[in-house]
Amino acid sequence: MSAASDAPANPNSEAPMNPATATTTIGVVGAGQMGSGIAQLAAASGFRVVLHDADPDSLRRARHSISRRLGDAGDAQSRLLFASDLTDLREADLIVEAIVESEPAKKALFASLDGLAKPSAILASNTSSISITRLASSTSRPARVIGMHFMNPPPVMKLVEIVRGSETSDEVFEVVKSLAERLGKTVICSRDYPGFVVNRILMPMINEAFHALYTGVATKEDIDAGMRLGTNHPMGPLQLADFIGLDVCLSIMRVLHNGLGEDKYWPCPLLAQYVDAGRLGKKSGAGVYMYRNGRL
């Protein structure tokens with residue numbers, strides 16, 4: 001359910017604006033699975049969207065996959081612009097960062113966006129674990145920086161996790177919450193702690209599944225079947241890790257371990273070994289399981 005009433009008041013609040021008219025153009029940085037999904041969702045919801053990626057191949061793949069998923073929705077496709085130049089985001093009202101889960105990379109991007117975006121623009125991060133306060137510190141507009149964590153895949157999953165940094169204004173929170181609801185999402189609000197809500201709970205479960213596999217408790221198939229059929233999860237934790245990306249899972253576990261300092265968040269060595277070997281999951285064709293054309 002919505003957590004707007006639980007959001008703490010912020011002394012840096014600005015005069016409220018009408019959320020229904022505040023945002024007309026959304027920029028998305030990163031044309032991978034998450035970024036292209038967010039762009040598709042926003043275009044289908046009536047927003048003008050600029051999807052940026054410096055890699056032409058990534059943009060080409062995103063254009064193809066979004067076109068295929070939207071099908072005959074010509075109006076939505078006409079609202080999408082694919083851009084390789086970051087300055088094409090200059091007029092966006094909201095820019096959502098959806099790049100690699102790396103704090104240095106995200107901070108560098110936020111510093112660049114801060115320099116080119118219009119003063120009224122909101123800068124949001126789709127990070128699944130990294131501190132919004134630290135990302136905001138790389139900008140001159142920390143009151144206008146917020147976490148907007150979509151679940152994967154964004155067009156399908158109903159949740160958006162909104163994370164307020166220490167200086168995020170009430171106005172920005174209300175605008176982003178209203179926008180997420182216009183996208184058809186249910187909003188939960190998290191304070192700025194490592195992993196937020198969803199991954200604070202989900203990733204240790206996935207990590208424990210890797211420990212069970214690593215120590216020979218059961219086969220990968222039995223671990224996943226046990227959780228699917230024994231707890232009614234739609235997907236076993238190891239298959240889910242492949243779907244998310246093992247590199248992403250490892251990055252989040254390291255954020256949890258470093259940020260919370262408890263041994264229970266120590267990343268399983270088997271997870272690290274898979275990532276070191278380039279077995280990143282479904283996206284690379286190999287993870288815990290092997291994939292051909294995106295299928296097991």
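- By the naming in an unreviewed UniProt entry, the protein is 3-hydroxybutyryl-CoA dehydrogenase, taken from Acorus calamus.
- Taken from UniProt, the Pathway (unreviewed entry) comment for the protein reads in full: "Lipid metabolism; fatty acid beta-oxidation."

**Re the overall build of the protein**
Okay, so step 1: The helix and strand inventory of the protein stands at 12 helices and eight strands.
Okay, so step 2: Its C-alpha atoms give the protein a radius of gyration of 19 Å, near enough to 19 Å, the size a compact globule of 296 residues would have.
Okay, so step 3: Taken along the three principal axes of its C-alpha coordinates, the protein extends 55 × 45 × 35 Å.
Okay, so step 4: Expressed as a percentage of the 296 residues in the protein, the buried residues total 49%.
Okay, so step 5: Sequence separation of at least 24 residues holds for 69% of the intrachain contacts in the protein that already meet a minimum separation of 6.
Okay, so step 6: Summing over all exposed atoms, the protein offers an accessible surface of approximately 13,500 Å²; the carbon and sulfur share of this is 53%.
Okay, so step 7: Each charge sign in the protein was given a centre, from 30 positive and 31 negative side chains, and these centres are 5 Å apart.

**Details of unusual backbone geometry**
Most of the time, phi is negative for any residue but glycine, and the peptide bond is trans.
Okay, so step 1: At the junction of N152 and P153, the peptide bond is cis and its omega measures out at 0° in the coordinates.
Okay, so step 2: Note on placement: P153 falls in the loop between β6 (145–150) and β7 (159–164).
Okay, so step 3: Residues other than glycine seldom take positive phi values, yet F196 does so here, at roughly 55°.
Okay, so step 4: Following the sequence through the fold, F196 ends up in the loop between β8 (186–190) and α8 (198–214).
Okay, so step 5: Not every positive phi belongs to a glycine, and N293 is a case in point at roughly 55°.
Okay, so step 6: Inspection of the secondary structure puts N293 in the segment after α12 (269–276).

**Focus on the confidence of the model for the protein**
Okay, so step 1: When pLDDT is averaged along the protein, the result is 92; 93% of the residues meet or exceed 70.
Okay, so step 2: A low-confidence stretch, residues 1–20 (pLDDT under 50), is modelled with 41 contacts involving residues beyond four sequence positions or located in other chains.

**Structural notes on the state of the cysteines**
Defined simply, a disulfide is a covalent bond joining two cysteines at their sulfur atoms.
Okay, so step 1: If you walk through the whole model with that rule in mind, you get zero disulfides.
Okay, so step 2: Not part of a disulfide, C249 finds its nearest cysteine sulfur in C268, a span of 12 Å.
Okay, so step 3: Overall, the relative accessible area of 0% leaves C249 in the buried class.
Okay, so step 4: Judged by its relative accessible area of 0%, C268 falls in the buried class.

**Re the sheet that holds β8**
Okay, so step 1: The mixed open sheet is built from eight strands, whose spatial order is β3-β2-β1-β4-β5-β6-β7-β8. The open sheet has two free edges, formed respectively by β3 (80–83) and β8, since each of these has just one partner strand. The mean inter-strand angle of the sheet, taken between neighbouring strand axes irrespective of direction, is 25°.
Okay, so step 2: Bridge count between β7 and β8: five bridges; the pairing is parallel.

Rules and cut-offs
- Residues numbered from 1 in each chain as written.
- Predicted model: local features only at pLDDT ≥ 70, side-chain atom pairs only at ≥ 80, totals over all residues.
- Heavy atoms only, no water.
- UniProt positions renumbered as here; feature names shortened; annotations may be inferred.
- Helix = DSSP H or I, 4+ residues; strand = E, 2+ residues; numbered from the N terminus.
- Rg over C-alpha atoms; globule rule 2.2 N^0.38 Å.
- Buried < 20%, exposed > 50% of the residue type's maximum accessible area, 1.4 Å probe, protein only.
- Contact = heavy atoms within 4.5 Å.
- Areas by Shrake-Rupley, 256 points an atom, 1.4 Å probe, with all protein chains shown as cover.
- Lys, Arg positive; Asp, Glu negative; His and termini not counted.
- Charge placed at Lys NZ, Arg CZ, Asp CG, Glu CD.
- pLDDT = per-residue confidence, 0-100.
- Disulfide = S-S within 2.5 Å.
- Pairing = 2+ DSSP bridges.
- Axes fitted to C-alpha atoms, helices over the stretch in contact; angles between N-to-C directions.

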